[in-house]
2 protein chains.
Amino acid sequence: MAETTRHPDHRYGNRPTMKDVASRAGVGLKTVSRVVNGEPGVTADTERRVQEAIEALGFRRNDSARVLRKGRTASVGLVLEDLADPFYGPLSRAVEEVARAHGALLINGSSAEDPDRERELALALCARRVDGLIVIPAGDDHRYLEPEMRAGVATVFVDRPAGRIEADAVLTDSFGGARGGVAHLVAHGHRRIGFIGDQPRIHTAVERLRGYRAAMEDAGLPVDDAWVSLGSTDPGRVRDAVAAMVDGPQPVTALFAGNNRVTVTAVRELSGRARPVALVGFDDIELADLLGITVVAQDAAALGRTAAERLFRRLEGLPEAPARVELPTTLIARGSGEVPPA
Amino acid sequence: MAETTRHPDHRYGNRPTMKDVASRAGVGLKTVSRVVNGEPGVTADTERRVQEAIEALGFRRNDSARVLRKGRTASVGLVLEDLADPFYGPLSRAVEEVARAHGALLINGSSAEDPDRERELALALCARRVDGLIVIPAGDDHRYLEPEMRAGVATVFVDRPAGRIEADAVLTDSFGGARGGVAHLVAHGHRRIGFIGDQPRIHTAVERLRGYRAAMEDAGLPVDDAWVSLGSTDPGRVRDAVAAMVDGPQPVTALFAGNNRVTVTAVRELSGRARPVALVGFDDIELADLLGITVVAQDAAALGRTAAERLFRRLEGLPEAPARVELPTTLIARGSGEVPPA
DNA sequence: TTGAAAGCGCTAACAG
DNA sequence: CTGTTAGCGCTTTCAA
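Residues numbered from 1 in each chain as written. Chains lettered and ligands numbered in written order. Predicted model: local features only at pLDDT ≥ 70, side-chain atom pairs only at ≥ 80, totals over all residues. Heavy atoms only, no water.

Caption draft 1: Region of interest: the overall build of chain A. Of regular secondary structure, chain A possesses 13 helices and 12 strands. Taking 20 Å as the expected radius of gyration for a compact globule of 342 residues, we find that chain A reaches 27 Å, considerably beyond that expectation. If one aligns the C-alpha atoms of chain A with their principal axes, the spans along those axes are about 85 × 45 × 35 Å. Considering chain A as a whole, with its 342 residues, one finds that 53% of them fall into the buried category. (Helix = DSSP H or I, 4+ residues; strand = E, 2+ residues; numbered from the N terminus. Rg over C-alpha atoms; globule rule 2.2 N^0.38 Å. Buried < 20%, exposed > 50% of the residue type's maximum accessible area, 1.4 Å probe, protein only.)

Caption draft 2: Quick peek at the sheet that holds strand β10 (residues 294–297) of chain B. Residues and elements named next belong to chain B. Taken together, six strands build an open sheet; the order of strands is β7-β6-β8-β9-β10-β12 and the sheet is mixed. Edge positions in the sheet fall to β7 (228–230) and β12 (330–332), since each of these pairs with one other strand and no more. Across the sheet, the mean angle from the axis of one strand to that of its neighbour is 15 degrees, orientation sign disregarded. Of the pairings in the sheet, the one linking strand β6 (residues 193–197) to β7 comprises three bridges and is parallel in character. Bridging from a neighbouring strand, F195 pairs with V228 of β7. Across the sheet, helix α8 (residues 174–187) lies against β6, β8 (254–257), β9 (278–282), β10 and β12, angled at about 170 degrees from β9, the strand it touches most. Where helix α9 (residues 203–218) meets the sheet, it contacts β6, β7 and β9, and its direction lies at approximately 170 degrees from that of β6. (Pairing = 2+ DSSP bridges. Axes fitted to C-alpha atoms, helices over the stretch in contact; angles between N-to-C directions. Contact = heavy atoms within 4.5 Å.)

Caption draft 3: Examining the pairing of strand β9 (residues 278–282) of chain A more closely. Residues and elements named next belong to chain A. Within β9, five of the five residues are buried, leaving the element largely enclosed by the surrounding structure. Direction of pairing for strand β8 (residues 254–257) relative to β9: parallel, over a ladder of four bridges. Following the sheet pairing, F256 is matched in β9 by V280. Read as a crossover between parallel neighbours, the route from β8 over helix α11 (residues 260–271) to β9 is right-handed. Pairing between β9 and strand β10 (residues 294–297): three bridges, direction parallel. Bridging across to β10, F282 finds its partner in V296. (Right-handed = clockwise from strand over helix to strand, strands pointing away.)

Caption draft 4: Seen up close, unusual backbone geometry. All names here are of chain A. Positive phi, close to 55 degrees, is recorded for A74, a residue that is not glycine. On the secondary structure map, A74 appears in the loop between α4 (63–70) and β1 (75–80). The class of A74 is partly exposed, set by a relative accessible area of 28%. The backbone phi angle of A112 is positive, close to 55 degrees, even though this residue is not glycine. For A112, the position within the fold is in the loop between β2 (105–110) and α6 (115–127). Exposure remark for A112: the relative accessible area of 33% places this residue in the partly exposed category.

Caption draft 5: Highlighting the pattern of salt bridges. Per the stated rule, a full pass over the model turns up 52 salt bridges over all chains. Ionic pairing is found between E286 of chain A and R261 of chain B, a salt bridge with its closest N-O pair at 3.3 Å. Of this pair, E286 of chain A sits in the loop between β9 and α12 (288–291) while R261 of chain B sits in helix α11 (residues 260–271), placing the two residues on different chains. With relative accessibility at 29%, the residue E286 of chain A sits in the partly exposed group. According to the relative accessible area criterion, R261 of chain B is partly exposed, its value standing at 24%. Among the ionic pairs, D63 of chain B bridges to R61 of chain B, the shortest N-O distance being 3.0 Å. In this structure D63 of chain B comes out as buried when scored by relative accessible area, which is 11%. Taken together, the salt bridges that share partners define one network made up of D82 and R117 of chain A together with R93, E96 and E97 of chain B. (Salt bridge = Lys/Arg side-chain N within 4 Å of Asp/Glu carboxyl O.)

Caption draft 6: Highlighting the domain arrangement of chain A. You can read the domains of chain A as domain 1 (18–61), domain 2 (73–172 + 300–327) and domain 3 (174–298). A C-alpha centroid distance of 38 Å is found between domain 1 of chain A and domain 2 of chain A. (Domains from an automatic or database assignment.)

Caption draft 7: Looking closely at helix α1 (residues 18–25) of chain B. All names here are of chain B. Considered for burial, the residues of α1 that qualify are M18, V21, A22 and A25. Down the axis of α1, the smallest arc covering the buried residues is 100 degrees, so these residues share one side. In α1, those exposed residues whose orientation departs by more than 90 degrees from the buried face are K19 and S23. Looking at the residues trailing α1, positive phi occurs at G26, about 70 degrees. (Arc of directions from axis to C-beta.)

Caption draft 8: Structural view of the sheet that holds strand β12 (residues 330–332) of chain A. Residues and elements named next belong to chain A. Strand order in the open sheet made by the six strands is β7-β6-β8-β9-β10-β12, with mixed pairing throughout. Only two strands of the sheet have a single neighbouring strand rather than two, namely β7 (228–230) and β12. For this sheet the average axis-to-axis angle between neighbouring strands, irrespective of direction, equals 15 degrees. Judged from the four bridges that link them, strand β6 (residues 193–197) and β8 form a sheet pairing that is parallel. Bridge pairing in β8 links F195 to F256. Each of β6, β7 and β9 touches helix α9 (residues 203–218); the most contacted strand, β6, lies at about 170 degrees to it.

Caption draft 9: Here's a closer look at the nonpolar core. Core analysis: the largest hydrophobic core is formed by 54 residues, its most contacted members being L91 and I134 of chain A together with L91 and I134 of chain B. Elements represented by at least two residues in this core include exactly β1, α5 (88–101), β4 (154–158) and α13 (300–315) of chain A together with β1 (75–80), α5 (88–101), β4 (154–158) and α13 (300–315) of chain B. Those residues in contact with L91 of chain B, other than ones at most four positions away along the chain, are I136, V158, A300, A301, L303 and G304 of chain B. (Core = buried A, V, L, I, M, F, W, Y, C linked by side-chain atoms within 4.5 Å.)

Caption draft 10: Structural view of the protein's contact with DNA strand D. Around DNA strand D sit 25 residues in total, of which T31, T46 and R69 of chain A together with M18 and K30 of chain B are the nearest. For DNA strand D, the fraction of atoms within 4 Å of the protein that belong to sugar or phosphate moieties is 63%. Contact between DNA strand D and S33 of chain B: a phosphate oxygen at 2.9 Å from a side-chain N or O atom of the residue. Between DNA strand D and N62 of chain B, the relevant distance is 3.0 Å, taken from a phosphate oxygen to a main-chain nitrogen or oxygen of the residue. Those elements that provide at least two residues to the surface near DNA strand D are α2 (29–36) and α4 of chain A together with α2 (29–36) and α4 (63–70) of chain B. In terms of residue count, α4 of chain B provides more of the surface near DNA strand D than any other element does, four residues in total. (Near = heavy atom within 4 Å. Polar contact = N/O pair within 3.5 Å; in protein donor to acceptor, adjacent residues only side chain to side chain.)

This is how it looks when you write it as structure tokens:
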């Protein structure tokens, strides 16, 4: 038997509601709700009739309405820099797994390193009433999140701390990692070591530079201004920086790369040169083992997991004051960092 | 003047509503709505009063309620395999950019290659009433999406086609790419060429194998059963497959790797061997240039962009029948594929 | 220019 | 075991 023709001038995407299911099954609205949510107190027979109506109508519960009523969305937001960067894939995936274990969905967005876009995204997520927010800051002022946090949006910062507000943060020990990596180069005989890092507005860049300086100072080595370059991780910029340090009047014999993007470009640039230059990079890279690149590895997945777990603990009411957690790094020697000075 | 104490036993995350703003500003609810949405017909003075109340209260519109009323969520869902896989990062980011250009948010989730989880995720996204859905299939039966699609959820499949339903699909030309890659090995003198690919339930694995067979047949070369291995991309499994083919009784002189995971493991496994084995991999990898790995490259970002653009065209009412789009591959010769037979 | 009333689809609270 | 009613916070409609 053909179905009755639907009213045609209806909103696109018109879908059956619980009311429709109820009338089709000849039961009350609440009974449908019970069946859909697996609540007890429905006879097997009634349940079957309701299920049939659901199937026949192609009903699916509208979670927007549910959320509106319940107040919780069972979703968390993740604002990161760029999902296409191999550092964030595993991080995001780790957050997703924790969220999934708590029955929550993950909504993530890329800030593209633009503070305005970070803010816009984070606030859009708040408007969708995510239960919690994990933010990898692009900007350095997060006061815009204060009203949201006061209103109950749990917030955890990852990879970089929040700016100008008190909030949980899960970070990698950038300072210690860089210091150890540079000390490694020193231990292999280098005295003129260059540092190429990310924009100075980025917290990790500053911390790693600080680690570099500490290691140099520990070894009693001077640092020439020409050996330090902070800026965009754009390949052209990094390439120029490498060339300037390696071919300059005070040529470095070793380089410390401040993050994975810089390492990759540095490896490419150095691979074309006759005189070997030692290299240690912050953050591991796929296939670095085959290329023999020595790195100070950080665990992106652990970063995401730790942050997400803290977020859900907050959601469960953890009263504790905001804290900063630092995850350790691991130096992995593969050859490039053990090259002696030329 | 101190604010009146809030009723304490209220739901956590209690937030001011438009009603609160309205009463604080001494205006009607609808006027607040007008201001929040930038609708015309509000005097500058009224608007200012409303804005002040919004600031003071830390009001942010609840999009759940808005969605319930409007019927559209301005969000699209993306179900992929694993965000931690470097192939999906750029794809997801490309989808995000297109969504953003259309004012939509992206909600993505990983199926972990589990068909049940794919289904669960896709349906959860439908329950949240995403306007559209982009799916990278893990399973091969998508009839579960039929009611959703009928109800108006625009759906586009990427990387692999939908199973048992008619739907838009944006794919890479796996057959042609693999055929070309294997032909490249043949052109360099190889006659015994192995193929290691993903699970046979995955469409691209089958297509690439088909391309391999076609190229062998084109060259009039036989294919020994021992030269073909489909299965999990788990490093152990791939390692064993490589060893079996290279050390077997009919040793291959060249390998075609069916995807990026396989390529990486194959490179690692082959790097330890005395006798050189030629290698061409499907899908490019970061740093493959430095390692001299010849690949058949596909453009993950283009895949995502094309799919997302099609999705939004559907959302705008494109009436056309479901179509399959195939994107071309590019052979990039870097050395490993040009090694002559040992 | 402004606002009151209805209702989006669901769940909570309470009756039967 | 089942159903009715109210209302989540917003937009739509219509009247002032």
